[in-house]
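As a plain string of letters, each chain reads:
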Amino acid sequence: MGTLFDDIPEPGDAHDKAKAHARRALPRRFYSAVTVDEGGDGSFGVLLDGKPVRTPAKAYLRVPSRGLAETLAGEWDAQNEEIDPAQMPLTRIVNSIVDAVAADPGPVRAEIVKFAGSDLVCYRAETPESLVAAQGEAWDPVLAFAERRLGARFVLAGGIMHVAQPHEALDAVASAVDPFDVYRLAALHVVTTITGSALIALALAHGEIDAEAAFLAAHVDEDWNARFWGSVPEAEAQREMRRRDLMAAALVLADRDLAEQHPIGGGESA
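Right, let's walk through the structure included here. Note that this is a predicted model, so its numbers are computed, not measured.

## Concerning the pairing of strand β1 (residues 34–38)
Part 1 of the reasoning: Where β1 and strand β2 (residues 44–48) come together, five bridges link them in antiparallel fashion. Each bridged residue has a counterpart across the sheet, and for Glu 38 the counterpart in β2 is Phe 44.
Part 2 of the reasoning: Linking two consecutive strands that pair antiparallel, namely β1 and β2, is a turn of five residues; a positive phi of about 85° is found at Gly 42 within it.

## Overview of unusual backbone geometry
Part 1 of the reasoning: The linkage connecting Thr 127 with the following residue, Pro 128, adopts the cis geometry, with an omega of -10°.
Part 2 of the reasoning: With respect to the helices and strands, the residue Pro 128 is situated in the loop between β5 (123–124) and α5 (129–150).
Part 3 of the reasoning: The phi dihedral of Asp 49 is positive, around 50°, even though this residue is not glycine.
Part 4 of the reasoning: Within the element layout of this structure, Asp 49 appears in the loop between β2 and β3 (51–52).
Part 5 of the reasoning: With a relative accessible area of 41%, Asp 49 lands in the partly exposed category.

Thresholds applied
Residues numbered from 1 in each chain as written. Predicted model: local features only at pLDDT ≥ 70, side-chain atom pairs only at ≥ 80, totals over all residues. Heavy atoms only, no water. Pairing = 2+ DSSP bridges. Helix = DSSP H or I, 4+ residues; strand = E, 2+ residues; numbered from the N terminus. Buried < 20%, exposed > 50% of the residue type's maximum accessible area, 1.4 Å probe, protein only.

This is a description of form; function is not addressed.
Below you can see the structure in the form of structure tokens.
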């Protein structure tokens, strides 16, 4: 069962494999009933005709929240004649958690902090005024959140020339990321890689912005260009894949059961 997902790009990766996936022959749906199974350890899994779903590494696909399990079950139940893993973003996120992140979350934490060192919201256009204004409207509240809630003050740069961020700011981001359980850590990483911004991801996790605002904040430049030059269908398809993955990650970040089990601090409201 896990092999259905072996060739699908992980959430947050570049979507240059999307076309190759579209050409692959998809497996036919082989099950009728999809149900949620509650284990004696308090975890929840998905059953297909009574048989548990497994990850690509053959582990059982289980989560510590009934709400997430029901969403997973919904993804499997929504498949029609063929099973399309690209349409199952939460399943792919949980696969990565169970098979990789849970065993070694350190590199994921480190990569999120590394993103903060060259965070999208710190690199500003100098012209034209309409783009400068659009970036400021979307990104200034994120920087204000970082300073107010995380104690992290970041340095802005004009254009694309790299600017080194203060060690104190990156240390503050590392401290903010540290309390995340592996499920919300993986979701935070998905949002970070999709948006190019650890600060947007943390603002979403703390309830400072919602998922739609996070997605739009990541696409300020793209949307500004589209207003003048238009967009192409392939770019729109890739954008929709990114949006789908981000929305699935946002569900994990906002899960009430996870929030109760593992508070992330700082007046969390997610």
